[in-house]
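# Secondary and tertiary structure notes
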Amino acid sequence: MAKKTITAEAIRQSVKDENVKFLRLMFTDVNGIIKNVEVPISQLEKVLNNKIAFDGSSIDGFVRIEESDMRLYPDFNSWLLFPWGNEHGKVARLICSVHKSDGTPFAGDPRNNLIRVIDKMKAAGFSDFNIGPEPEFFLFKLDENGQPTTKLNDKGSYFDFAPLDLGENCRRDIVLELEKMGFEVEASHHEVAPGQHEIDFKYTDALQAADNIQTFKLVVKSIARQYNLYATFMPKPLQGINGSGMHINMSLFKDDKTNVFYDENGEDQLSVTSKHFLAGLLEHARGLTAINNPTVNSYKRLVPGFEAPVYIAWSGTNRSPLIRVPQSRGLGTRLELRSVDPTANPYLAIAAILEAGLDGIGNGLTPEDAIDRNIYRMQDDERKANHIQDLPSTLHNALKALAADPVVKGALGDHLYQSFKDSKDLEWAAYRQSVSEWERDQYLELY
């Protein structure tokens, strides 16, 4: 989606021309869950003048009751018409940042926080941090009551097509709806696991990319329902098959048109800046993991044997390390971080990734040598000799790594870090106290 500038007057005209009757004011909580306040079009002027208030104490990770009056400040450039629900007039959306009642940006809003880190990037002399996400999802059948099941809708595999890929029509409609909404979809295909799909859309700047990821999730779930299917971005809904990731392709620009990761005369045509940024990602990989993989279930995906990265290393030629450097050069020079999964809050994840890379640049960090062979087949002593560490294996360990990493904590700021930690500590405590079917099957009769 190309950069655009939309004015308040353009929004008023669009409302008139398109018969818009309702506005959805969207924002995101600390756990990456989309929230929205829906208002009738009669409230348009209040929306455009930042006068829509809501109770922040009712949103996870926001504020206490005594400081709960929050206001929504819409980003006019996020104006978008939903292509469905026209029977009573169209519905449009605006993505909002959350501000306090005195008009100052709220530090607990993930979108505000990403803007803060982007401003830090610009102060360091860069113009854009471009992100190309690759989100994967599963399609499951709904039962007679409209509830999700774990029954897959196909038996397809990587790049299969109908009749094996019974989700093809659903996926095609998702693509068509996204294109109506202005997305430039680059590819869509069946993924490795049965019932698993991937849709890749064109890279854009960090803030718009995070907005796009949230919009994408909403569209996928909405269209799937029309096919009596349930779309889930859960990383590992079924054991024994590949989980869903959200690889993040990234590049850093100066002057909007100079990719600073590219150097025609550099080794492998990679710049010194790209190597510093890469080293920052590797240095902070363990601290980043809790943010990039924020659920208990995330760590069921991060295991050997299912294509998800487990080891902290990089390569330009194989897909087993944490970071891959795709072969494209010139403007397309980029790094691909392969650990991120689609339960990650995109605003937090992108902010933390950017902060880690900027730390690598600021401190002139140098990455270890590339590992151009299959790390999964290495013995422990061989990985140790190559200084290859493991990613955290549980949410609990990832939270400990985050607590020990002041750079990644700083990427969230004090308010968001504490809100995120509190939420995840509760999640881990609840998981620890639960008793699974596997445990009953394993131990009940044995002991």
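Attention in this report is confined to the structure presented alongside it. Everything numeric in this text was worked out from a predicted model, so none of it was measured.

A tally of helices and strands in the protein yields 13 helices and 19 strands. On C-alpha atoms alone, the protein measures out to a radius of gyration of 22 Å, which is about the 22 Å that the 2.2 N^0.38 rule sets for 447 residues. Overall size of the protein, expressed as C-alpha extent along the three principal axes, is 65 × 60 × 50 Å. Counting only contacts in the protein whose residues sit at least 6 apart along the sequence, the fraction spanning at least 24 positions is 70%.

A cluster of nonpolar side chains, namely Trp438, Tyr443, Leu446 and Tyr447, defines an oily patch on the protein surface of about 570 Å² accessible area. Position of Trp438 among the secondary structure elements: in helix α13 (residues 437-443).

Our focus in this paragraph is empty space enclosed by the protein. Per the counting criterion, the structure on display carries two cavities of 30 Å³ or more. As a volume, the largest cavity reaches approximately 60 Å³. Around the largest cavity sit Leu281, Ala285, Leu288, Thr289, Asn292, Leu322, Leu337, Ser339 and Leu391, which together line it. Per element, the largest residue contribution to the lining of the largest cavity is four residues, and it comes from helix α7 (residues 285-292). Tallied by class, residues from the lining of the largest cavity come to six nonpolar, three polar and no charged. As a volume, the second largest cavity reaches approximately 40 Å³. In this structure, the second largest cavity is lined by Met26, Phe27, Thr28, Ile95, Cys96, Arg111, Gln214 and Tyr347. Those elements that provide at least two residues to the lining of the second largest cavity are β1 (20-28) and β6 (90-100). Examining the composition of the lining of the second largest cavity, we find that three residues originate from one element, β1, more than from any other. Class assignment of the residues belonging to the lining of the second largest cavity gives a composition of five nonpolar, two polar and one charged.

Attention shifts here to the packing of helix α3 (residues 110-123) against helix α9 (residues 346-362). Two elements in contact, α3 and α9, have axes whose closest approach is 8 Å; the angle formed by their N-to-C orientations is 20°. Accordingly, the angle class assigned to the pair α3 and α9 is roughly parallel. Along this stretch, α3 crosses α9, giving a crossing that reads as left-handed. Residues Pro110, Arg111, Asn113, Leu114, Val117, Ile118, Lys120 and Met121 of α3 touch α9, and the partners they reach there are Tyr347, Leu348, Ile350, Ala351, Leu354, Glu355 and Leu358. Residues of the contact of α3 with α9, tallied by class, amount to 11 nonpolar, one polar and three charged.

With that settled, the discussion passes to the pattern of salt bridges. The full count for this structure, using the stated rule, is 13 salt bridges. Glu9 is paired through a salt bridge with Arg12; the nearest N and O atoms lie 3.4 Å apart. Of this pair, Glu9 and Arg12 both sit in helix α1 (residues 8-18), three residues apart, roughly one helical turn. A salt bridge links Glu45 to Arg12; the nearest nitrogen and oxygen atoms lie 2.8 Å apart. Taken together, the positions of Glu45 in helix α2 (residues 44-48) and Arg12 in helix α1 put the pair 33 residues apart, joining distant regions of the chain. What makes Glu45 partly exposed here is its relative accessible area of 37%. Taking the relative accessible area as the measure of exposure, Arg12 reaches 28% and is therefore partly exposed. Among the ionic contacts, a cluster of salt bridges with common partners joins Glu9, Arg12 and Glu45.

Rules of the game
- Residues numbered from 1 in each chain as written.
- Predicted model: local features only at pLDDT ≥ 70, side-chain atom pairs only at ≥ 80, totals over all residues.
- Heavy atoms only, no water.
- Helix = DSSP H or I, 4+ residues; strand = E, 2+ residues; numbered from the N terminus.
- Rg over C-alpha atoms; globule rule 2.2 N^0.38 Å.
- Contact = heavy atoms within 4.5 Å.
- Patch = residues over 30% accessible without salt bridge, like charges linked within 9 Å, V, L, I, M, F, W, Y side chains within 5 Å.
- Areas by Shrake-Rupley, 256 points an atom, 1.4 Å probe, with all protein chains shown as cover.
- Salt bridge = Lys/Arg side-chain N within 4 Å of Asp/Glu carboxyl O.
- 1 Å grid on protein atoms, 1.4 Å probe; cavity = no way out; pocket = protein on both sides within 12 Å on 5 of 7 lines; lining within 4 Å.
- Points joined across faces, edges and corners; volume = space filled by probe spheres on them.
- Nonpolar A, V, L, I, M, F, W, Y, C, P; charged D, E, K, R; others polar.
- Axes fitted to C-alpha atoms, helices over the stretch in contact; angles between N-to-C directions.
- Parallel < 35°, antiparallel > 145°, perpendicular 65-115°, else oblique.
- Left-handed = near helix turned anticlockwise from the far one by under 90°.
- Buried < 20%, exposed > 50% of the residue type's maximum accessible area, 1.4 Å probe, protein only.

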